[in-house]
Amino acid sequence: MKDIKTKEVTTKPKTKNPASRIPKELMRTAILESKEKSQTIVNARDNDMGEQSPSEYASGKVASAEEWAARKTGRTVTRAGKTAAQASYEKIKQRAAGKKEAQEKAEKETSRGTGDTQAPDQANRKAPKQKSREQAASRVKVKERENQEVQIQKAQRQKAISDAVKMKEQKIRAARETSRIQNGQEMPEAGPLSIKSQSQKSKAADTARQNAIRQKQPETIRIKEKPRKQLKPKTIQRRTIKNAPPSAKISIQPEQKLRVTSSNALTARMQKQMERRAAKQAAKKAALQTSDGVRRIQKTARAGENTFKAAKAAVEAAAKTVQSMMAALGAAGAVMVLLLVIIVGIIGGAAFSGTSESNEALSQEVLSYTSTIQKYANQYGIPEYVSVIQAIMMQESGGRGTDPMQSSECPYNTRYSNSPNAIQDADYSIQVGIQYYADCLKEAGCTSPQDMDKLKLSLQGYNYGNGYITWAIRKYGGYSAENALQFSNEQAASHGWSAYGDPEYVPHVLRYYSSGGLFAGLFGGNGQIVSVALTQLGNEGGQKFWSWYGFDSHVAWCACFASWCGDQAGLIESGKMPKFSLCDDGIAWFQSKGKWKSREYSPAPGTLIFFDWNGDGISDHVGIVEKTEGSTVYTVEGNSSNAVNQRSYDINNGTIMGYGIL
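Residues numbered from 1 in each chain as written. Predicted model: local features only at pLDDT ≥ 70, side-chain atom pairs only at ≥ 80, totals over all residues. Heavy atoms only, no water.

**Student:** Tell me about helix H10 (residues 370–379), residues and numbers included.
**Tutor:** Residues of H10 that are buried include every one of Thr372, Ile373, Tyr376 and Ala377, and no others. Seen from one end, H10 has its buried residues packed into an arc of 130 degrees, which puts them on one side. Looking at the buried residues of H10, the elements they touch are helix H11 (386–396) and helix H12 (426–444). (Buried < 20%, exposed > 50% of the residue type's maximum accessible area, 1.4 Å probe, protein only. Helix = DSSP H or I, 4+ residues; strand = E, 2+ residues; numbered from the N terminus. Arc of directions from axis to C-beta. Contact = heavy atoms within 4.5 Å.)

Shown next, in the form of structure tokens:
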């Protein structure tokens, strides 16, 4: 009986260790969840959802259980550390209190042994102060020690937690390696990884493995395609042309005799064809003769230095040539002669326009300043005088230098000294020059570039100064070459100079400026009205146009704009278009002159285009045709959104009412 072991009974209470129970509970929970997960995986695979295998899921659960266990262990260790720290803190307090008591006793004994001569009341007074100081010093020391011990304990706890985490990670890696080796996979060598990166890496590996399985079994994802029907080649039916039998080609039935032309008719037709060929040959010869005559006309015009007599002789020679052609061709070449007359008219117009007032080209330097000239001409209200300003610049400097308008001596030059060539900014020179020339035009009363008398007065005033304009109007009523020379001589004598200005400034400028001449009178009026209209783009409100017409307040000014442009181009004075403020009045005038065209007409540049927005047969708007390209009409219109704007329309637009032909 002595050999039989008996259970030892102790009176000590059992200590509950949660950490010892954790692995069992976790394993039980993991097993139950793995069973449920395995069934879910089977169902997911049936539906091709691509879930994890049971072994993979179990390994993941084991890893999560270990992680949870490590976390619980860390918390337990932390609580134990706190308890130990509290106990040590109490011990430190007790030690500090014991030391204080010992120090107090030692002080009392010392004071007794030295025979202190101080009075009892003074010693009693000093004792509380010394005690408070000693207590404060001891408290500081105790706190420092406590802080040191707390820091040591914190470091120990952190070390314990980090060791637990490392142990957990090692267990997780061992479990992963075991599961992957069981599944027949190779484990790549890697350093220590975090739990999150481990889980991400395992998920990526699972996805790659599933893709590999799918690639190995392509038959499971193939989609059966329906066999396509092969299209039969289309057969093209050939049309067979039935020919009449040979007998039908040879024999002529009695009822078909009326369709056969007689030999007399054939003979007449052949004669007409021969006559046409002869007329064409004669026209070719006449054209050659005309080209020779044109060359002779041009040579004559150049030899006569572009004088009026040379141009007149050239036109007479061309007329004689035309008369000879008419005699040679007769009625058969009437159309060709008409074309030749037009050519001669063009050459004659060029000869007339080749006087001393035009014919010399502008330099590239002057042309490069065109946009700048347009900008300041619009700014100072003289946009229609751009070509005049270009001619002035050409005479002054040819567009070269820093003062191309030679405006340094103008009163509007406030940036530089008023001495020749003082301006060092070409843009500023153009601005000052145009501003001063606008004053000259106003002083001369010039309202149109076609008013040559007042235009010449303004030009000479730009060279001499505004004083000449006032002087010439007062004494002679305007400009003349004689009074220009007289003014120069008088000013030179009064100042004691050898010369004053350029008495021939007007003809010198006008050789670079062309106001149109005969060519513009025949064909250029339409183009000129477009050019004038384009200079007004951006004008808002239209005050310039409706006040020109005679209105005191704002009105619908589209017709006033068209009339103003026509007046600037000389079309109203020549009777080619009316001055009108109502669209219906303009239409009535064109209809009365037989110059009205319906909507189907393809308009040329310069044609007036009328619109009917409401479709009630009453015109509501008018513009100027800039050009026509294909089926699109481009226009320049006043009072378009209360400004001068460019628009475009389809040529078959239903709002187009018709056109007024110039």
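**Student:** If you had to explain the packing of H11 against H12 to someone new, which residues and values would you point to?
**Tutor:** With their axes 12 Å apart at the nearest point, H11 and H12 run at an angle of 120 degrees to one another. Taken together, the axes of H11 and H12 lie oblique to each other. Where H11 crosses over H12, the handedness of that crossing is right-handed. Residues Val388, Ile389, Ile392 and Met393 of H11 touch H12, and the partners they reach there are Ile430, Ile434 and Tyr437. A class-by-class count of the residues in the contact of H11 with H12 yields seven nonpolar, no polar and no charged. (Axes fitted to C-alpha atoms, helices over the stretch in contact; angles between N-to-C directions. Parallel < 35°, antiparallel > 145°, perpendicular 65-115°, else oblique. Left-handed = near helix turned anticlockwise from the far one by under 90°. Nonpolar A, V, L, I, M, F, W, Y, C, P; charged D, E, K, R; others polar.)

**Student:** Explain the packing of H10 against H11 to me, and be specific about the residues and the numbers.
**Tutor:** Orientation of H10 relative to H11, taken along the N-to-C sense of each, is 125 degrees, at an axis distance of 10 Å. For the element pair H10 / H11, the angle class is oblique. Handedness of the H10/H11 crossing: right-handed. Contacts between H10 and H11 pair Thr370, Ile373, Gln374 and Ala377 from the former with Val386, Ile389, Gln390 and Met393 from the latter.

**Student:** A description of the packing of aromatic side chains should follow, citing residues and the corresponding values.
**Tutor:** The tally for this structure, following the rule as stated, stands at 24 aromatic pairs. Measuring from ring centre to ring centre gives 5.1 Å for Trp589 and Phe590, while their planes differ by 90 degrees; the resulting arrangement is edge-to-face. Here Trp589 matches Phe590 in class, with each residue buried. A centroid spacing of 4.8 Å and a plane angle of 45 degrees characterise the contact between Phe611 and Tyr649, whose relative ring orientation is tilted. Taken together, the residues Phe611 in strand S2 (residues 608–611) and Tyr649 in strand S5 (residues 645–650) connect sequence positions 38 residues apart. Taken individually, Phe611 and Tyr649 each receive the classification buried, so the pair is uniform in this respect. Here the aromatic residues Tyr464, Tyr468, Trp471, Tyr476, Phe487, Trp497 and Tyr500 are joined through ring pairs into a cluster of three or more. (Phe/Tyr/Trp six-rings, centres within 6.5 Å; stacked < 30°, edge-to-face > 60°.)

**Student:** Describe the state of the cysteines, listing the residues and the values that go with them.
**Tutor:** This structure, assessed with the given rule, holds zero disulfides. Counting only cysteine sulfurs, Cys440 is the nearest neighbor of Cys410, a cysteine outside any disulfide, at a range of 7.9 Å. Given the relative accessible area of 8%, Cys410 is considered buried. (Disulfide = S-S within 2.5 Å.)

**Student:** Can you break down unusual backbone geometry residue by residue, with the values?
**Tutor:** Although it is not a glycine, Ser641 sits at a positive phi angle of roughly 60 degrees. Following the sequence through the fold, Ser641 ends up in the loop between strand S4 (632–637) and S5.

**Student:** I'd like to hear about the confidence of the model for the protein, residue by residue, with values.
**Tutor:** The predicted coordinates should not be examined in detail at positions where pLDDT is low. Averaged over the protein, the pLDDT score is 74; the fraction of residues at 70 or greater is 60%. Ignoring residues within four places in sequence, the model shows residues 183–193, a span with pLDDT below 50, making twelve contacts including any to other chains. Note that residues 229–263 has pLDDT below 50 and, in this model, three contacts with residues that lie over four places away or in other chains. (pLDDT = per-residue confidence, 0-100.)

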